[in-house]
Amino acid sequence: MDVSHLLGPLNEAQRQAVTAPLAPTLVLAGAGSGKTRVLTHRVAWLVEVEHVSPHGILAVTFTNKAAGEMRARIEAQLGMPSAPLWIGTFHGIAHRLLRTHWREAGLPQGFSILDAEDQQRLVKRLVRGLGLDEARWVPREVTWFINSQKDEGLRPKQVVDDGDPTRRQLIRLYEAYEEACRRNGVVDFAELLLRSYELWREVPGLAEHYRARFGHVLVDEFQDTNTIQYAWMKALVGSTSLPFVVGDDDQSIYRWRGARVENLQQFRKDFPGVLLFRLEQNYRSTGNILAAANAIISNNSGRIGKKLWTSDGKGERIRLYRGFNERDEAEFVVNRIREWVSRGGQRRDNAILYRSNAQSRVFEEYLLASRIPYRVYGGLRFFERQEIKDALAYLRLVANRDDDASFERVVNLPTRGVGARTLEVLRAHAKTHGTSLWAAATPCAEELGARAAGCLQAFLALVDRLDADTRGLPLHEQVDHVIQASGLVAHYQKEKADKGEARVENLEELVSAARGYAPEDGELPPLMSFLSHAVLESGEGQAEEWEDCVQMMTLHTAKGLEFPVVYLCGLEDGLFPHQRSVTDLQGLEEERRLCYVGTTRAMRQLYLTYAEQRRMHGIDSYGAPSRFIAEIPAELVEEVRPKVQVSRPAYVPPQRGSGSGFGTRTVASSRFVDDSPGSLKLGQRVRHPKFGDGVVLSVEGQGPNGRVQVNFERQGTKWLMMGYAHLETV
Ligand code: ATP
Ligand code: MG
C-alpha cells in the first residue's frame, strides 16, 4: 500500500508518532513543531492503514476556528468528506450528545443553552429573589463559583460544606440555580460537559455504546483541559479505546479558567504504557522569531523543557515599533498592512493580536478609514458589545426620546422596578394611540398603579436630567456623564471579576472614542453625528468569512493558528503582562506563556508594538515597555524609526493643555513620512473652514488624492483628502 502521501510530508519524529502502535499516546512538543499536523495525519493513518472506520474516530480541540481548520486538514488528508468523524470542540461534542440523548440526560427535548450573559442574569434574579444583598452576593462571583464547581465535576451536594457561612450560602445559591435551570429547561456551557459526563457515568449502557463506537479519541491542545474535560475524556476512553493526545506545557493559557497543565502528567499515570513522542523541529517560524520565543519562555520556571530548532534561515529581524500613543500604533500597523497588500500580499496574511478586547477599537477605526476589510474573531466588534449598546441607548434617548428600541433596552437597566407588566401596558397604550413608549408613559400612569408609575417616572426624569446636565458639554464629557449618571458603570462594576471589569473598561473606552471623534460633516450636533457613526460602524465593516481580510483577535483566541505576519500590539507593562498578574508569579508566568503563544503564531514577520502613552478606558497611562520585550536578545530586534527626516520647522506645540490633541508634542518627531510633502510641511499651521486651526502631522501621497493628517486644536486628529480639504496655511 502506498502511504507516501501520508508520511512524505513528515519528519522522522513525526512519522514515528503518526505510525505509533495502537496504544495510548502523548505527543509533547513546542509550538509549530507539527503537533496538529501529526494529529490529523494520525487520523488518516488510522483510516487508511489501520482500517479504522471513520465512524470510530473522535477528535477534539478548543476553539471553533481551530476545529474548522482541523476538519479541513483531515478532509485534505483523506480526500473525502469528514462527516462520519466527530470533530469539534469539547462543548460542541457534549452538546451533540445531549441533543441525541436528552431523555437519558433528563433534559427537555428542546432545551436551550444559556450563554455567559444569560447565565449571569439568571443568577442575579436568584440572588434578588432570595432577598440577598447583591453587593455581598455579587452575581458575577456567584456565577464564577457555580462554574468552577461544575468544572470540577461537583454538584451542590458534593461541594464540601466546611461550615463557613459564605460557602454555605454559595452552595445554596448553586442549588437554587440548578433548580431554576431545570424549571426553565436550560443548560449553561459548563453544564454541557458535566451533564454529558454524568450521562456516561450513570447510564452505563450508553458509555459502553460510545466506547465501542469511538475506538480512537484524539485531543489537540491537551495542556488546556480542565478537570471535567479530562474526566469526560477518560470516561469515554474507558479501558478499551485509545487516546492520542498532543500538547505543549508552555502554551497552557487557561489556568484562570481551571485548566490543569498537570493533566499531562496525570495522563501518563492514568494510562500505563503511554507512548511518549517529542518533536523538536519547528516548521512555522523563521530562526529569529523562534529564537525570540525560546528566549522569552526560558524565563519561566517548572517547565518540562524542550529544544526547538528550525532549518529555516534566520529571516528578517523582529521589528519593534514605539508609538507615541495608541493611535500612532494603530496607524503604523495599518500602514504596514497596506504596504504588504500593495506588494501583492493577501490581507488575511496579517494578524493583529492583542491582550484585551478593548484594544481592537482603535485598529478597527483605522482599518475602516483605510477601507481594509477585517474580521474580529472570538469577540464582538466594539460597537456591537452589550454594554456599548446600553450606553448608546441612553445617549440616543437623550438625543431622541421617541427611540423605542433604546427605551426598551434601558428602561429597566440598571433595575429600577419597571417590570414586564408595566412594559406591556405601555406598549399597548402606545400602539392604540400611535405614540412612542416615551409619550405613552405619562398618560399610562393610572392604568399602572402608583408604584409602577413611580418607577417609570423616575426613569423619565433621569433621561431628562441627563439631557439637561450634558447640554453644551464637549462630546466626550457628555458620554462620560451619561455612562456614570445613568448608573451603567456602577451596574457593571458590581459584576466585578473579569467580565464586569471588561465591560467597565469598554464603557470607558467609549469615552475615549468620543474624545477622538471628529464629525465628518460638521452639520449635525456632535452627539447625533457620533451616534450615527456608531450605528454605521456596527452595521458594516466586518468582512464575511470567505473574504480576504485582516484577522484580529486576542492572544487567547490565536492559540493553534499561524499567520505570515503577526502584529503583537500593546506591549506595555500593566496591559501585557496584565496589571492583575504582575504581582503574582504564577499569573506572570501564565502571561509569559501567552506571549510565547503570540510570538510563535508568526511565520515570516513579527512586529512588536507599544505606545508610550495610551488612552484606554478613558484615561491616559504611560506604561513602561512590556518586560517581555527586554527578554528578547537585542540582536534579534530592530527598532523601526521614521524613514525620512522631512524638512520640518522647529515646531512648538500650542500651549493649550491637553485639549483635544493626542500627544501633539511628540507627534511630529516620530512619524513615518513619505518624502513627498507637496505643498504642505510637517508642523505647518493650517486652517480649515469647519474644523478651525490645526497642525499638519502627516502627509501621504500627492495631488488631490493625497491625504493630510491634521491635529485640530478643537476637533482632534483628522485625515483629510487634499483635494477637498480647503486648507489655508496660517
Ligand atoms: P501549535 O503548538 O502552535 O499548535 P503545532 O505543533 O500544532 O503548533 P502545526 O500547526 O501542526 O504545529 O504545524 C506548524 C506548521 O508547520 C504548519 O504550517 C504545518 O503545516 C507545518 N509543518 C509541520 N510539520 C511539517 C513538516 N514535516 N514539513 C513541512 N511543514 C510542516
Ligand atoms: Mg497545533
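On a predicted model such as this, the values are computed, not experimentally measured, just so you know.

> Go over the nonpolar core, please, and point to the residues and values.
In a soluble, globular protein the nonpolar side chains are often hidden away together inside. Within the largest apolar cluster, 60 residues are counted, with the highest numbers of intra-cluster contacts made by Trp-232, Met-233 and Phe-267. In this structure, this core is formed jointly by two domains, domain 1 (4-102 + 193-281) and domain 2 (112-184), each of which donates at least three residues. With residues up to four places along the chain from it excluded, the contact list for Met-233 reads Val-217, Val-219, Phe-222, Pro-243, Val-245, Phe-267 and Phe-271. Listed in part, the 52 residues of the second largest apolar core include Val-410, Leu-448, Leu-460 and Ala-514.

> Tell me about the confidence of the model for the protein chain, and name the residues and values.
Averaged over the protein chain, the pLDDT score is 85; the fraction of residues at 70 or greater is 88%. In this model, residues 643-677 is a region of pLDDT below 50 whose contacts with residues beyond four sequence positions or in other chains number 67 contacts.

> Go over helix H22 (residues 475-485), please, and point to the residues and values.
Considered for burial, the residues of H22 that qualify are Leu-475, His-476, Gln-478, Val-479, Val-482 and Ile-483. Buried positions in H22, seen along its axis, are confined to an arc of 155 degrees and lie on one side of it. Of the residues trailing H22, Gly-487 is marked for its positive phi of about 90 degrees.

> Help me get a handle on the pattern of salt bridges, residues and values and all.
In this structure the tally under the stated criterion is 44 salt bridges. A salt bridge links Glu-179 to Arg-182; the shortest N-O distance between them is 2.9 Å. Of this pair, Glu-179 and Arg-182 both sit in helix H8 (residues 165-184), three residues apart, roughly one helical turn. Using a relative accessible area of 33% as the deciding quantity, one classes Glu-179 as partly exposed. In this structure, Glu-509 engages Arg-361 in a salt bridge whose closest nitrogen and oxygen atoms are separated by 3.1 Å. Within this pair, whereas Glu-509 is found in helix H24 (residues 497-515), its partner Arg-361 is found in helix H15 (residues 360-369), the two being separated by 148 residues in sequence. In terms of burial, Glu-509 and Arg-361 fall into one category: buried. Through salt bridges with shared partners, one network takes in Lys-150, Arg-155, Glu-178, Asp-188, Glu-191, Arg-195 and Glu-198.

> Lay out the sheet that holds strand S7 (residues 242-247) with the relevant residues and their values.
Pairing within the open sheet is parallel, and its six strands lie in the order S3-S2-S6-S7-S1-S8. Because the sheet does not close on itself, it has two edges, and the strands there are strand S3 (86-89) and strand S8 (275-279). The sheet shows a mean angle of 15 degrees between the axes of neighbouring strands, direction not considered. In this structure, strand S1 (residues 25-29) lies alongside S7, joined through four bridges in parallel fashion. If you follow Thr-25 over to S7, its bridge partner there is Phe-244. Here helix H5 (residues 90-100) sits on the sheet in contact with strand S2 (57-61), S3 and strand S6 (216-219), set at roughly 120 degrees to S3.

> Lay out the site of ligand 1 in plain terms, naming residues and giving numbers.
Near ligand 1 lie 20 residues; those nearest to it are Lys-35, Thr-36, Gln-251, Glu-562 and Arg-601. Here a nitrogen atom of ligand 1 sits 3.5 Å away from a polar atom, N or O, in the side chain of Tyr-283. Relative to its unbound accessible surface of 630 Å², ligand 1 loses 86% to contact with the protein. Across the shell around ligand 1, the residue classes tally to four nonpolar, nine polar and seven charged. For the shell around ligand 1, the domains that each give at least three residues are domain 1 (4-102 + 193-281) and domain 3 (318-378 + 545-640).

Calculation notes
- Residues numbered from 1 in each chain as written.
- Chains lettered and ligands numbered in written order.
- Predicted model: local features only at pLDDT ≥ 70, side-chain atom pairs only at ≥ 80, totals over all residues.
- Heavy atoms only, no water.
- Core = buried A, V, L, I, M, F, W, Y, C linked by side-chain atoms within 4.5 Å.
- Buried < 20%, exposed > 50% of the residue type's maximum accessible area, 1.4 Å probe, protein only.
- Domains from an automatic or database assignment.
- Contact = heavy atoms within 4.5 Å.
- pLDDT = per-residue confidence, 0-100.
- Helix = DSSP H or I, 4+ residues; strand = E, 2+ residues; numbered from the N terminus.
- Arc of directions from axis to C-beta.
- Salt bridge = Lys/Arg side-chain N within 4 Å of Asp/Glu carboxyl O.
- Pairing = 2+ DSSP bridges.
- Axes fitted to C-alpha atoms, helices over the stretch in contact; angles between N-to-C directions.
- Near = heavy atom within 4 Å.
- Polar contact = N/O pair within 3.5 Å; in protein donor to acceptor, adjacent residues only side chain to side chain.
- Areas by Shrake-Rupley, 256 points an atom, 1.4 Å probe, with all protein chains shown as cover.
- Nonpolar A, V, L, I, M, F, W, Y, C, P; charged D, E, K, R; others polar.

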